Amino acid sequence: MTSTLAPLRKVALLGLLLTLQGCAKEEVVHALTEFEANEIVYVLESGGIKAAKEKEEGGRIVTYKVVVPGGEAHEARKMLVDNQLPRPKSMTLDKVYDPANKGLIPTATEEEAGYQMAVQGEIVQKLKSIPGVVEAHVTIVKPKKDMVRDMTEKVAPATAAITILYNQMEGRMPFKIDEVQRLVAACVEGLEASNVTVVASQNRPTTKKMMGMGSSDDENAAPSRDKAPKVLNIAVVDDAERRKLTTLLGGGGAAIGVAVLATLLLLVGFMQTRRKLAQVSAEVTSLRKARAAPPPA
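Worth saying up front: this structure is predicted, and the values here are computed from it rather than measured. (Residues numbered from 1 in each chain as written. Predicted model: local features only at pLDDT ≥ 70, side-chain atom pairs only at ≥ 80, totals over all residues. Heavy atoms only, no water.)

1. Some thoughts on the overall build of the protein
Okay, step 1: Counting its secondary structure elements, the protein contains nine helices and eight strands.
Okay, step 2: Carbon and sulfur atoms make up 61% of the accessible area of the protein, which amounts to about 20800 Å² in all. (Helix = DSSP H or I, 4+ residues; strand = E, 2+ residues; numbered from the N terminus. Areas by Shrake-Rupley, 256 points an atom, 1.4 Å probe, with all protein chains shown as cover.)

Here it is in structure tokens:
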């Protein structure tokens, strides 16, 4: 009896160990602010992974870590990579001009470069505060002020280049291009909104259940749809439209063929009927002429 129960006990013990291993918590990311931790927990839970934030002890600054069940750690890390989380830290004004990060006597070039980097970081932070924005990069180009330049020479305008990676919100892009241009122009002295170039790309993670994903096209994607090739009045610009086209040509192909064939048969029948009517009309006309002719003398 004891020899019979021994294998069962081993199987039960192995199953218990696997269960405990799967239930054990595993850290996937640490050294986060509370906002970053909340964002990551929300994204993971939106993807079907149970996550929790925990406060880290011992540091001078309060930070948090995110833990998930051990069996879901791999999928959680993959989901974070897909959504580019946690987001890289931007060099904002308080970080660039932190006395601990500067030398004793910074040069004018260092001061100018540091200030421009700080302004770019501030703009990035503002863009990231828009719900749905995953990542943003800002580059500002301002011409140097030359005090001895020719006054008749035209000064090059300040320009800015913005790239934004976003998740759709309710099936739409969560911002408008002109709004971003005005926001950036308002942060830089002498910068016109018309000189701000914005390139926005939709984030397409490989995981299926992600935050903010939608099936509709962007609000600002209408120009590309108008220029896209059309088949049966369908603009083939994304997977949804391709599926619609495939369904129409595949599943509905038989119905279209029958309709076309029926139309051709109707046209052929109409032409034959018209020809017969013309023949009958000609015969009736000849009979009328024969009756109307005078009798031979």
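2. Examining the sheet that holds strand E2 (residues 52-56)
Okay, step 1: Across the sheet, which stays open at both edges, the three strands sit in the order E1-E3-E2 with antiparallel pairing between neighbours. On the outer flanks of this sheet lie strand E1 (25-32) and E2, each paired with one strand and no other. The mean inter-strand angle of the sheet, taken between neighbouring strand axes irrespective of direction, is 30°.
Okay, step 2: By the bridge criterion, five bridges tie E2 to strand E3 (residues 63-69) in an arrangement that is antiparallel. Directly across from Lys53, in E3, lies its bridge partner Val66.
Okay, step 3: Strands E1 and E3 of the sheet are contacted by helix H3 (residues 73-82), whose axis makes an angle of about 30° with E1. (Pairing = 2+ DSSP bridges. Axes fitted to C-alpha atoms, helices over the stretch in contact; angles between N-to-C directions. Contact = heavy atoms within 4.5 Å.)

3. Re the nonpolar core
Okay, step 1: With 22 residues, the main nonpolar core has Ile123, Leu127, Ile162, Ile164, Val184 and Leu191 as its most contacted residues.
Okay, step 2: Among the elements of the structure, helix H5 (108-128), strand E4 (133-141), strand E5 (159-166), helix H6 (177-187) and strand E6 (196-202) are those that each provide at least two residues to this core.
Okay, step 3: Beyond its immediate chain neighbours, meaning those up to four positions away, Ile164 contacts Leu127, Val133, Glu135, Ala136, Phe175, Val180, Val198, Val199, Ala200 and Ser201. (Core = buried A, V, L, I, M, F, W, Y, C linked by side-chain atoms within 4.5 Å. Buried < 20%, exposed > 50% of the residue type's maximum accessible area, 1.4 Å probe, protein only.)

4. So, the pairing of E6
Okay, step 1: In this structure, E5 lies alongside E6, joined through seven bridges in parallel fashion. Of the residues in E6, the one forming a bridge with Ala161 is Thr197.
Okay, step 2: The handedness of the E5 to E6 crossover, carried by H6, is right-handed. (Right-handed = clockwise from strand over helix to strand, strands pointing away.)

5. Section: the packing of aromatic side chains
Both the distance between ring centres and the angle between the ring planes are used here to describe each pair of aromatic rings.
Okay, step 1: Taken as a whole and assessed by the stated rule, the structure comprises one aromatic pair.
Okay, step 2: Judged by centre distance (5.7 Å) and plane angle (80°), the rings of Tyr166 and Phe175 are edge-to-face.
Okay, step 3: On the basis of relative accessible area, Tyr166 is assigned to the buried category, the value being 1%.
Okay, step 4: The ring of Tyr64 has Lys53 lying over it, and the distance from NZ or CZ to the ring centre is 5.4 Å. (Phe/Tyr/Trp six-rings, centres within 6.5 Å; stacked < 30°, edge-to-face > 60°. Lys NZ or Arg CZ within 6 Å of the ring centre and 35° of its normal.)

6. Here's the deal with the sheet that holds E6
Okay, step 1: Ordered in space as E4-E5-E6, the three strands form an open sheet in which the pairing is mixed. At either margin of the open sheet sits one strand with a lone partner, and together these are E4 and E6. Neighbour to neighbour, the strand axes of the sheet diverge by 10° on average, direction disregarded.
Okay, step 2: Across the face of the sheet, H5 comes into contact with E4 and E5 while running at roughly 150° to E4.

7. Overview of the pattern of salt bridges
Okay, step 1: Inspection of the entire model under this criterion finds eight salt bridges.
Okay, step 2: Taking the shortest distance from any N to any O, the salt bridge between Lys25 and Glu54 comes out at 3.6 Å. You can see Lys25 sitting in strand E1 and its partner Glu54 sitting in strand E2, a full 29 residues away along the chain.
Okay, step 3: Between Glu122 and Lys126 there is a salt bridge whose closest N-O contact spans 3.9 Å. You can see Glu122 and its partner Lys126 sitting in helix H5, four residues apart, about one turn around the helix. (Salt bridge = Lys/Arg side-chain N within 4 Å of Asp/Glu carboxyl O.)

8. Section: the environment of Val141
Okay, step 1: Structurally, Val141 is set in strand E4.
Okay, step 2: Sequence separation between Val141 and Ala161 is 20 residues, and the spatial gap between their C-alpha atoms is 8.5 Å.
Okay, step 3: Apart from residues lying up to four places away in sequence, Val141 is in contact with Pro157, Ala158 and Thr159.

9. Description of the confidence of the model for the protein
Okay, step 1: Averaged over every residue, the pLDDT of the protein is 74; the share at 70 or more is 61%.
Okay, step 2: Taken together, the stretch residues 211-225 has pLDDT below 50 and engages in 38 contacts with residues farther than four places along the chain or on a different chain. (pLDDT = per-residue confidence, 0-100.)

10. Details of the packing of helix H2 (residues 34-46) against H3
Okay, step 1: Between H2 and H3, the shortest axis-to-axis distance is 10 Å and the interhelical angle comes to 115°. What the angle tells us is that H2 and H3 run roughly perpendicular. Taken as a pair, H2 and H3 cross one another with a handedness that is right-handed. Contacts between H2 and H3 involve Ile40, Val43 and Leu44 on the former and, on the latter, Ala76, Met79 and Leu80. (Parallel < 35°, antiparallel > 145°, perpendicular 65-115°, else oblique. Left-handed = near helix turned anticlockwise from the far one by under 90°.)

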